[in-house]
Amino acid sequence: MNVPNKITISRIFLIPIFIILIVVPFDWGEYSIGEYVLPVDHLVAAILFLIASFTDWVDGYYARKYNLVTNLGKFLDPLADKLLVSAALICLVELGLAPAWLVIIIISREFAVTGLRLVAAGEGIVLAAGQMGKLKTTLQIGAAGFLLLHHFPFSYIGFPIGTVFLYAAGLITVISGVDYFVKNWHVMRDSK
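Conventions we followed
- Each chain carries its own residue numbering, running from 1 in the written order of its sequence.
- Reporting of local features is limited, given that this is a predicted model, to residues whose pLDDT is at least 70; pairs of side-chain atoms are given and counted only at 80 or more, and all residues count toward the totals for whole chains, interfaces and linings.
- Computation of side-chain values: all heavy atoms of the structure, hydrogens and water removed.
- The helix count covers DSSP runs of H or I at least four residues long, the strand count covers runs of E at least two residues long, and both are numbered beginning at the N terminus.
- In this treatment the radius of gyration is a C-alpha quantity, and the globule benchmark scales as 2.2 Å times the residue count to the 0.38 power.
- Each residue gets one of three labels from its accessible area relative to the maximum for its type: buried under 20%, exposed over 50%, partly exposed in between, using a 1.4 Å probe on protein chains only.
- By definition in these notes, contact holds between two residues if any of their heavy atoms fall within 4.5 Å.
- Here the open area of atoms and residues is found with the Shrake-Rupley method and a 1.4 Å probe, where only the protein chains shown may cover a residue.
- We place a 1 Å grid over just the protein atoms. Points where a 1.4 Å probe fits but has no way out form a cavity, open points with protein on both sides within 12 Å along at least 5 of 7 lines form a pocket, and any residue with an atom within 4 Å of a point lines it.
- Grid points are joined across faces, edges and corners, and a volume is the space filled by probe spheres set on the points.

(A) Structural detail: the overall build of the chain. Along the backbone of the chain there are six helices and two strands. Taken from the N to the C terminus, the helices and strands of the chain come in the order α-β-β-α-α-α-α-α. Relative to the compact-globule value of 16 Å for 192 residues, the chain shows a C-alpha radius of gyration of 17 Å, a close match. Considered along the principal axes of its C-alpha atoms, the chain spans approximately 55 × 35 × 25 Å. A total of 192 residues make up the chain; the buried ones form 43% of that total. Sequence-distant contacts in the chain: of pairs separated by 6 or more residues, those separated by 24 or more amount to 73%. For the chain, the computed accessible surface area is about 10000 Å², with 70% contributed by carbon and sulfur atoms.

Below, the structure is given as structure tokens:
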């Protein structure tokens, strides 16, 4: 259990705190930002979400810099990302800030890829995330962050940046999922 893996696990432990902040109706006031109103509890939840998301970069950087890349880290890091982003997207659907059908597509892809990784792990193979998968995660985090912030700072000009990011994330999610399965289909084909 090295430092990058501990950082990854801390990201997982931040998820329930984030969920409580976003779904429990704390009455902390609100800010008017352009065409939108941003409740303070959404702002606090967004800050926690972005801090948790930033730990993804920190643990990866630290693991590569100090040569601490482990199979546990290769497994836990994408799992922590999926849990965090899925929690955020589901909460956004609950708040009426994201369309359920798009979130279902995004989360379905995550389940499918996780299933493929589990099959691979059963065969002693660890499938790390590819570049397109990392772009997908970045877009999903950007979408969730902007939606939690009610499109701030773009809300001042009435531009729904979070929605744009979410649809882009949905597109890249599907493309990267297909790419991941095509590149790793041998794992399913050759599994016992």
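Now that the structure has been shown, we can carry on.
(B) Fine view of empty space enclosed by the protein. Summed over all chains, the structure comprises one cavity of 30 Å³ or more. Taken together, Pro78, Asp81, Lys82, Val85, Glu110, Lys136, Thr137 and Gln140 make up the full set of residues lining the largest cavity. Put simply, the parts of the chain that give the lining of the largest cavity at least two residues each are α3 (71–94) and α5 (131–148). With four residues, α3 is the single largest residue contributor to the lining of the largest cavity.

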